[in-house]
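Structure assessment
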Amino acid sequence: MTTPIMTLMIAAVRKAARGVQRDFGEVSSLQISVKGPGDFVTNADKKAEKTLREELLKARPAYGILGEEEAEHKGTDPDHRFIIDPIDGTFNYMHALPYFAITIALERKGEIVAGVTYNPITDELFHAEKGSGAFVNNKRMRVAGRRELVDSLVATGLPNRGNKDHAERRAEMMIMQLRTAGIRAMGSTALDMCYVACGRLDGAWHANLNPWDMAAGVLMIREAGGFVHGLNGEANPLLSNNYIASNADLLPQMKAALAEAKKLPAA
Ligand code: 2AM
Ligand code: CA
């Protein structure tokens, strides 16, 4: 059963995806130019956000919209707000790496109640509604069942050049390489969180994010039976701008590993 709001969110994402996909085809041919596809991608991002805003506001004109590319649109309905990211994983997109997503979440009275994340390249659509479970291409998702961190594959994100906290991330890498089976840094938080929800990744954490990177993912993970909160235990990761996520067994082990990393001398 798909609710009207979920139907709307999926339709908006699929509409924006058509342009995003078309532009992605162009991006790989722009790699050979010295300047690269930077401006082209910025433009693709902006067009996609415009499409999302138009589609969502056409059906829900009173709702607010918070997104990456434009200023927040304050709706007349104070209880509802869409949180959108037209391309999460922009750096991957710019390098023609097919790990990025279009994502929309709906917040009701400060709580995420619906989320859609779509990778147009793999044609995988993740969706969740509060109390109704989380799905990938309509198949129920469930977080991984591993119990020992040493057997687990975990993901995080590494800051690009010019971004902050390089030393902190290096310390985390050092400890996590010792305490887990392996680490990935794939470049899209929205997708990482869906991958935790469906058990491809056993856990994930990430600092220095924005609400739109995580909004849909938080619900996906919770509806898939997982746990997610801010890196310092905050109940709402959208307010802390960072997150840690896994199942009930691994989460304390991941937190202990990150605490160990904090004690390492800066390198
Ligand atoms: P974006 O691609 O929409 O910018 C990469 O590890 C993840 O972190 C992506 O989901 C990326 O979202 C997000 N992110 C948020 N702020 C970022 C920043 N300043 N630089 C790079 N990635 C950032
Ligand atoms: Ca993003």
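Residues numbered from 1 in each chain as written. Chains lettered and ligands numbered in written order. Predicted model: local features only at pLDDT ≥ 70, side-chain atom pairs only at ≥ 80, totals over all residues. Heavy atoms only, no water.

For helix H6 (residues 211-223), which comprises 13 residues, the first-to-last C-alpha distance of 18 Å matches the rise-based estimate of 18 Å (1.5 Å per residue) to within 8%. The principal kink in H6, of about 25°, is found at Gly-217. Where H6 is concerned, the buried positions are Pro-211, Trp-212, Asp-213, Met-214, Ala-215, Ala-216, Gly-217, Val-218, Leu-219, Met-220, Ile-221 and Glu-223. Count one or two residues on from H6 and you reach Gly-225, which has phi positive near 90°. (Helix = DSSP H or I, 4+ residues; strand = E, 2+ residues; numbered from the N terminus. Expected span 1.5 Å × (residues − 1). Bend = angle between axes of the 7 residues up to and from the residue. Buried < 20%, exposed > 50% of the residue type's maximum accessible area, 1.4 Å probe, protein only.)

Across the sheet, five strands lie side by side as E9-E8-E10-E12-E11; this open sheet has mixed pairing. Taken across any chain shown, the strands that pair with only one partner, and hence form the sheet edges, are strand E9 (182-184) and strand E11 (227-229). On average, each strand axis in the sheet is inclined to that of its neighbour by 15°, with strand direction left out of account. Pairing between strand E10 (residues 203-206) and strand E12 (residues 243-246): four bridges, direction antiparallel. Bridging from a neighbouring strand, Gly-203 pairs with Ser-246 of E12. (Pairing = 2+ DSSP bridges. Axes fitted to C-alpha atoms, helices over the stretch in contact; angles between N-to-C directions.)

With domains assigned, the chain is organised as domain 1 (4-140) and domain 2 (149-262). With 36 residues of domain 1 in contact, the opposing surface of domain 2 contributes 23 residues. Both sides together, the interface formed by domain 1 and domain 2 hides about 2,200 Å², and carbon and sulfur atoms give 66% of it. Notably, a salt bridge pairs Glu-124 with Arg-200, separated by 2.5 Å at the nearest N-O pair. Scanning the region where domain 1 abuts domain 2 turns up nine residue pairs in polar contact (both at pLDDT 80 or more). If one sorts the elements of the side of domain 1 that touches domain 2 by residue count, strand E4 (residues 111-119) sits on top with seven residues. A breakdown of the residues in the side of domain 1 that touches domain 2 according to their chemical character gives 16 nonpolar, 12 polar and eight charged. (Domains from an automatic or database assignment. Contact = heavy atoms within 4.5 Å. Buried area = accessible area lost by both parts, 1.4 Å probe. Salt bridge = Lys/Arg side-chain N within 4 Å of Asp/Glu carboxyl O. Polar contact = N/O pair within 3.5 Å; in protein donor to acceptor, adjacent residues only side chain to side chain. Nonpolar A, V, L, I, M, F, W, Y, C, P; charged D, E, K, R; others polar.)

The phi dihedral of Asn-137 is positive, around 45°, even though this residue is not glycine. Mapped onto the secondary structure, Asn-137 falls in the loop between strand E6 (133-136) and strand E7 (139-140). Owing to a relative accessible area of 43%, Asn-137 belongs among the partly exposed residues under this scheme. Despite not being glycine, Asn-241 has its phi angle at roughly 65°, a positive value. The residue Asn-241 is located in the loop between helix H7 (237-240) and E12 in this model.

Another point: the nonpolar core. In terms of nonpolar packing, the biggest core is built from 36 residues, with Phe-126, Met-141, Met-220 and Tyr-243 touching the most fellow members. Elements with a contribution of two residues or more to this core: strand E3 (101-108), strand E5 (124-129), E6, helix H5 (189-197), H6 and E12. The element best represented in this core is H6, accounting for eight residues. For this core, the domains that each give at least three residues are domain 1 (4-140) and domain 2 (149-262). Membership of the second largest hydrophobic core comes to 32 residues, among which are Ile-5, Leu-8, Ala-12 and Ala-48. (Core = buried A, V, L, I, M, F, W, Y, C linked by side-chain atoms within 4.5 Å.)

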